[in-house]
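Architecture at a glance
Residue strings, one per chain:
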Amino acid sequence: MIPIDDSPIVRDGKSLILAMDHGLEHGPVDFEDVPEKLDPSTVFETATHDAVTAMAVQKGIAEGYYPSYEDDVNLLLKLNGTSNLWMGEPDSAVNCSVDYAAELGADALGFTVYGGSNHEIEMVEEFRDAQEKGREYDLPMVMWSYPRGQGLKNDTKPSTISYATRLALELGADIAKVKYPGSKDAMAHAVKCAGDMKVVMSGGSKTSDYEFLSTVEAVIDAGAKGLAVGRNVWQREDPTRLLDALEKVIYEEETADAALEATE
Ligand SMILES: O=P(O)(O)OC[C@H]1O[C@](O)(COP(=O)(O)O)[C@@H](O)[C@@H]1O
């Protein structure tokens, strides 16, 4: 872990990372209800909102679309990813080098590690190479810390999520992105296990405005430092309104109720 409070992907100690790597991870199915979002420019437009500290994309999307947004959006280049077509034990192919991410203008790096997978050993070795190379460019490393695999039937149970944050700290991540463990107390424990490293919550599938903002409120109360979210923002009809509310809950530490009322 290195100090990252001066990084462009951090605002007042917190981050709101807008993720759009779903076309690879889940396939076009995530865009069925919002076909206009198949055009990555529409999500880059959303990422120009002040609340968003970085947009997380894969290399091909960065190559094709980031040049038009480099003045307005900070880039988090995801270095590995897997498609939903892959049916083996959880694994993630490294498809971009740190050198090339830096050339594309990355402000930060992203890397998935599936602790507990039969491929954990190789993934951790690949993470080592990326993390150490990233240090040469002073690029913060965000770990998608997602324990899963044959031996892990429940990937959101509290003990799994606190192991996920601790694993990220020990392996040298600067931010751990983890799933919500189901309660504020469990999140607070996961944050404690991360020491001084920042923990952000992964968004998950789309829920109601109130449900999502209440979970974010709980996570911030638990000491987490923000969000890395995709579908809960860009699958909405009006992503800007939700980002207005998220800005209040994350940076101003307002309640979900107050944020919703203020943005009605
Ligand atoms: O592996 P999972 O749980 O299917 O989800 C992976 C997806 O979730 C994310 O980590 C976060 O996106 P969401 O907020 O839409 O869940 C994406 O970066 C990634 O594409």
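Here's what I pulled together on the structure shown here. (Residues numbered from 1 in each chain as written. Predicted model: local features only at pLDDT ≥ 70, side-chain atom pairs only at ≥ 80, totals over all residues. Heavy atoms only, no water.)

1. Points about helix H6 (residues 158-171)
- Over its 14 residues, H6 extends 20 Å from the first C-alpha to the last, a length consistent with the 20 Å expected when each residue adds 1.5 Å.
- For H6, the set of buried residues is Thr160, Ile161, Ser162, Ala164, Thr165, Leu167, Ala168 and Leu169.
- Buried residues along H6 sit in contact with strand E6 (108-113), strand E7 (141-145), strand E8 (175-178), helix H7 (184-193) and strand E9 (198-202). (Helix = DSSP H or I, 4+ residues; strand = E, 2+ residues; numbered from the N terminus. Expected span 1.5 Å × (residues − 1). Buried < 20%, exposed > 50% of the residue type's maximum accessible area, 1.4 Å probe, protein only. Contact = heavy atoms within 4.5 Å.)

2. Thoughts on the sheet that holds strand E10 (residues 226-229)
- Judged by pairing direction, the barrel is parallel, and its eight strands sit side by side in the order E1-E2-E3-E6-E7-E8-E9-E10 before closing back on the first. For this sheet, the mean inter-axis angle between neighbouring strands, taken without regard to orientation, is 25°.
- In the sheet, E8 pairs with E9 via four bridges, with the strands oriented parallel. Paired with alanine 176 across the bridge in E9 is valine 199.
- Where H6 meets the sheet, its contacts fall on E6, E7, E8 and E9, and the angle it forms with E7 comes to roughly 150°. (Pairing = 2+ DSSP bridges. Axes fitted to C-alpha atoms, helices over the stretch in contact; angles between N-to-C directions.)

3. Regarding the side chain of serine 162
- Secondary-structure assignment places serine 162 in helix H6.
- For serine 162, a relative accessible area of 8% corresponds to the buried category.
- Polar contacts involving the side chain of serine 162 include one to the main-chain carbonyl oxygen of serine 159, which spans 3.3 Å.
- Ignoring sequence-local partners within four residues, the contact set of serine 162 consists of His189, Ala190 and Cys193. (Polar contact = N/O pair within 3.5 Å; in protein donor to acceptor, adjacent residues only side chain to side chain.)

4. Points about the pattern of salt bridges
- The final tally for this structure, using the stated rule, is 13 salt bridges.
- For lysine 198, the salt bridge goes to aspartate 5, with nearest N and O atoms at 2.8 Å. With lysine 198 in strand E9 and aspartate 5 in the segment before strand E1 (15-19), the pair connects residues that are 193 residues apart, well separated along the chain.
- Residue aspartate 5 is classed as partly exposed on the basis of its relative accessible area of 49%.
- Notably, a salt bridge pairs arginine 11 with glutamate 247, separated by 2.8 Å at the nearest N-O pair. Of the two residues, arginine 11 is situated in the segment before E1 and glutamate 247 in helix H10 (residues 239-251); the sequence distance between them amounts to 236 residues.
- Its relative accessible area of 23% is what places arginine 11 among the partly exposed residues. (Salt bridge = Lys/Arg side-chain N within 4 Å of Asp/Glu carboxyl O.)

5. Some thoughts on the environment of threonine 207
- Locating threonine 207 in the fold gives a position in the loop between E9 and helix H8 (209-221).
- Counting along the chain gives 24 residues from threonine 207 to arginine 231, while the straight-line C-alpha distance between them is 9.3 Å.
- When near neighbours in sequence (up to four residues on either side) are disregarded, threonine 207 contacts Phe212, Asn232 and Arg236.

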